[in-house]
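One letter stands for each residue in the lines below.
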Amino acid sequence: MNLLSLDLQFFAGEKTEKATPRKKQDARKKGQVAKSADVNTAISLLTIFLSFLFIGAFMRDRILLLMRGTFQDFLLINLSDQNVNDLFLTMAYQAGIILAPVMGVALVAGVMSNYLQIGFLFSTEAIQMKLNKLDPIQGFKRIYSIRAIVELFKSLLKISFVGFVTFAVLWLDLDNVLRLSHLTVEQSLLFIASLTVKMGLFASLALLLLSLLDYMYQRYDYEKNLKMSKQDIKDEYKKSEGDPLIKSKIKQRQREMAMRRMMQDVPTADVIITNPTHYAIALKYDESKMDAPFVVAMGVDLVAQKIKEIAKENEVMMVENRPLARALYPQVEIGQAIPEEFFQAVAEIIAYVYQSKSG
């Protein structure tokens with residue numbers, strides 16, 4: 001028996017169940033999400049090299065302008081403290097103009113790649129300093145772990161695959177590379193720029209393919225780390241059920257749904273018996289459902305007023321009978337037939353309603 005109980009405890013504590021929505025939500029609040037850094041890198045590189053197809057001419061002209069000014073003007077000036085300062089500001093300004101489009105594209109690509117993976121998320125817990133991360137023993141375990149080996153394998157795969165694709169692009173253009181010495185400086189620069197963009201695009205696409213595989217692995221690893229045991233699920237359920245706020249919200253939602261259903265049934269009633277201000281009881285007589293009239297809606301004060309408003313809109317007859325309304329209300333429930341002692345009084349009212357409608 002002792003061995004059996006130990007086995008059952010072991011299996012109860014084994015994390016074999018998928019994480020509940022609440023567990024995932026709590027993990028997300030802590031910044032724990034399925035995300036691949038390779039996707040960010042691949043999308044950023046791809047968008048940057050694609051942008052060169054549109055802003056390449058602009059960057060070429062600005063670089064040539066900077067080089068022309070450097071060789072024609074800056075090399076001929078007399079150096080002084082003021083000249084060096086002006087020269088530095090001018091060079092920084094020109095470099096900023098050249099790099100601004102690329103930095104803007106990289107910024108947009110970084111934000112877009114993060115949003116595509118995890119949506120909008122702001123969490124301060126992920127950047128909080130944790131002293132346990134300085135523990136050398138834990139650091140040693142992280143370095144020599146299965147995850148570290150997987151990351152090493154991924155890095156070697158990325159370097160090999162991307163390097164092979166880049167070399168293949170260069171190899172296909174090897175004849176043109178060997179003829180560079182026969183080209184002018186301008187032609188050489190144009191060819192090198194074109195070849196660089198081509199190599200960058202193919203390398204980015206190769207990295208993007210690998211990053212998609214890495215993203216799937218990260219999702220698998222994320223789901224695996226969030227797995228729960230059956231006991232964890234039971235504890236979470238007890239905790240959520242025991243939360244007064246959650247229980248009150250559930251009860252409020254149930255009351256709202258019941259109220260909506262009740263109000264939808266008011267137009268089907270045969271008669272509304274009123275107090276007239278405090279009580280309203282909607283009755284219906286349907287031989288196929290019950291042998292006696294039954295309650296489809298009932299309420300006091302504001303609910304009673306709402307029932308009477310809906311009845312008026314749908315031309316359901318209302319009959320004022322204060323003693324009957326007060327006596328009937330505490331003894332009936334929605335969906336139940338009226339007690340036998342009220343048969344005679346209610347039958348007279350329903351007969352009166354039928355006569356009024358037929359007349």
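Small disclaimer: the values here were computed from a predicted structure and weren't measured.

Colleague: Explanation requested: the overall build of the chain in the structure shown.
Modeller: From N to C terminus, the chain includes 13 helices and four strands. Expressed as a percentage of the 359 residues in the chain, the buried residues total 28%. Expressed as a percentage of contacts within the chain between residues at least 6 apart in sequence, the contacts between residues at least 24 apart total 76%.

Colleague: Got a minute to help me understand the packing of helix 3 (residues 37–72) against helix 4 (residues 81–118) in this structure?
Modeller: Two measures define how a pair of helices packs: the angle their axes make with one another and the distance between the axes. Two elements in contact, helix 3 and helix 4, have axes separated by 9 Å at closest approach and are oriented at 170 degrees. Relative to helix 4, the element helix 3 is oriented roughly antiparallel. Its residues placed into classes, the contact of helix 3 with helix 4 shows 19 nonpolar, 10 polar and one charged.

Colleague: What is the right way to read the pattern of salt bridges from this model?
Modeller: Opposite charge on two side chains permits pairing when their charged atoms draw close. Counted by the stated rule, this structure contains five salt bridges. A salt bridge links Lys158 to Asp38, with the shortest nitrogen-to-oxygen separation between them at 2.9 Å. With a gap of 120 residues between them, Lys158 in helix 6 (residues 146–172) and Asp38 in helix 3 connect regions that are remote in the sequence. For Lys158, a relative accessible area of 22% corresponds to the partly exposed category. Across the pair Asp173 and Lys198 runs a salt bridge whose closest N-O atoms are separated by 3.2 Å. Highlighted residues: Asp173 in the loop between helix 6 and helix 7 (174–178) and Lys198 in helix 8 (residues 185–225), separated in sequence by 25 residues. With a relative accessible area of 33%, Lys198 lands in the partly exposed category.

Colleague: Can you walk me through the packing of helix 6 against helix 8 in this structure?
Modeller: Running from amino to carboxyl end, helix 6 crosses helix 8 at an angle of 155 degrees, the nearest separation of the two axes being 9 Å. On the basis of their axis angle, the class for helix 6 and helix 8 is roughly antiparallel. Crossing of helix 6 over helix 8 shows right-handed handedness. Of the residues in the contact of helix 6 with helix 8, the class split is 16 nonpolar, two polar and seven charged.

Colleague: When you look at the UniProt feature "transmembrane region" (unreviewed entry) in the chain in this model, what are you seeing that I'm missing?
Modeller: Within this structure's numbering, the places UniProt gives as "transmembrane region" (unreviewed entry) are residues 39–59, 87–109, 152–172 and 192–217. The straight-line gap between the two end C-alpha atoms of residues 39–59 is 27 Å; of that span, 100% is helix and 0% is strand.

Colleague: Even after reading the chapter, I still don't get the environment of Thr47, so can you show me in this structure?
Modeller: Turning to its location among the elements, Thr47 is positioned in helix 3. Each C-alpha atom of the pair Thr47 and Val102 lies 9.3 Å from the other, and the pair is 55 residues apart in sequence. Among all residues touching Thr47, those that are not within four sequence positions of it are Val105 and Ala109.

Colleague: Please explain a nonpolar patch on the surface as it appears in this structure.
Modeller: Where nonpolar side chains cluster on the molecular surface, the patch consists of Ile63, Leu64, Met67, Phe71, Leu75 and Leu76 and spans about 620 Å² of accessible area. Mapped onto the fold, Met67 is located in helix 3.

Colleague: Honestly, the nonpolar core in this entry has me stumped. Any pointers?
Modeller: The tendency in soluble globular proteins is for nonpolar side chains to be buried as a group. Core analysis: the biggest nonpolar cluster contains 17 residues, and Val271, Leu283, Leu328, Val346 and Ile349 have the highest contact counts within it. Where this core is concerned, the elements lending two or more residues are strand 1 (271–274), strand 2 (279–284), strand 3 (294–300), helix 12 (322–328) and helix 13 (343–358). Examining the composition of this core, we find that four residues originate from one element, helix 13, more than from any other. With 15 residues, the next largest nonpolar core counts Ile272, Ala304, Ala311 and Val316 among its residues.

Colleague: For this particular structure, what's the right way to read helix 11 (residues 302–313)?
Modeller: In an α-helix, one full turn covers 3.6 residues, which means residues spaced three or four apart are oriented alike. An ideal rise of 1.5 Å per residue puts 16 Å on 12 residues; helix 11 measures up with 17 Å between its terminal C-alpha atoms. Residues of helix 11 that are buried include every one of Ala304, Ile307, Lys308, Ile310 and Ala311, and no others. Projected down its long axis, helix 11 carries its buried residues within an arc of 165 degrees, all on one side. Looking at helix 11, the residues exposed on the side facing more than 90 degrees away from the buried face are Leu302, Lys312 and Glu313. Note on helix 11: the residue one or two positions beyond its end, Glu315, has a positive phi of about 60 degrees.

Colleague: How should I be thinking about the pairing of strand 3 in this particular structure?
Modeller: Looking along a regular strand, one sees side chains alternate from face to face of the sheet. For strand 3, the buried fraction is high: six of the seven residues fall into the buried class. Of the pairings in the sheet, the one linking strand 2 to strand 3 comprises six bridges and is antiparallel in character. Its bridge partner lying in strand 3, Lys284 is registered against Phe294.

Colleague: It is not clear to me how the sheet that holds strand 2 should be interpreted in this structure. Could you clarify?
Modeller: Working definition: the strands of a sheet are paired by backbone hydrogen bonds and lie parallel or antiparallel to each other. If you trace the four strands from one edge of the open sheet to the other, you get 3-2-1-4, paired in mixed fashion. Of all the strands in the sheet, just strand 3 and strand 4 (318–320) have a single pairing partner and so form its edges. Across the sheet, the axes of successive neighbouring strands diverge by a mean angle of 20 degrees, strand direction being ignored. One ladder, built from three bridges, connects strand 1 with strand 4; its direction is parallel. Within strand 4, the position partnered with Thr274 by the bridge is Glu320. Lying over the sheet, helix 11 contacts strand 1, strand 2, strand 3 and strand 4, oriented at roughly 125 degrees with respect to strand 3. Against the sheet, helix 13 makes contact with strand 1, strand 2 and strand 4, and its axis sits at roughly 130 degrees relative to strand 1, the strand it touches most.

Rules used throughout
Residues numbered from 1 in each chain as written. Predicted model: local features only at pLDDT ≥ 70, side-chain atom pairs only at ≥ 80, totals over all residues. Heavy atoms only, no water. Helix = DSSP H or I, 4+ residues; strand = E, 2+ residues; numbered from the N terminus. Buried < 20%, exposed > 50% of the residue type's maximum accessible area, 1.4 Å probe, protein only. Contact = heavy atoms within 4.5 Å. Axes fitted to C-alpha atoms, helices over the stretch in contact; angles between N-to-C directions. Parallel < 35°, antiparallel > 145°, perpendicular 65-115°, else oblique. Nonpolar A, V, L, I, M, F, W, Y, C, P; charged D, E, K, R; others polar. Salt bridge = Lys/Arg side-chain N within 4 Å of Asp/Glu carboxyl O. Left-handed = near helix turned anticlockwise from the far one by under 90°. UniProt positions renumbered as here; feature names shortened; annotations may be inferred. Patch = residues over 30% accessible without salt bridge, like charges linked within 9 Å, V, L, I, M, F, W, Y side chains within 5 Å. Areas by Shrake-Rupley, 256 points an atom, 1.4 Å probe, with all protein chains shown as cover. Core = buried A, V, L, I, M, F, W, Y, C linked by side-chain atoms within 4.5 Å. Expected span 1.5 Å × (residues − 1). Arc of directions from axis to C-beta. Pairing = 2+ DSSP bridges.

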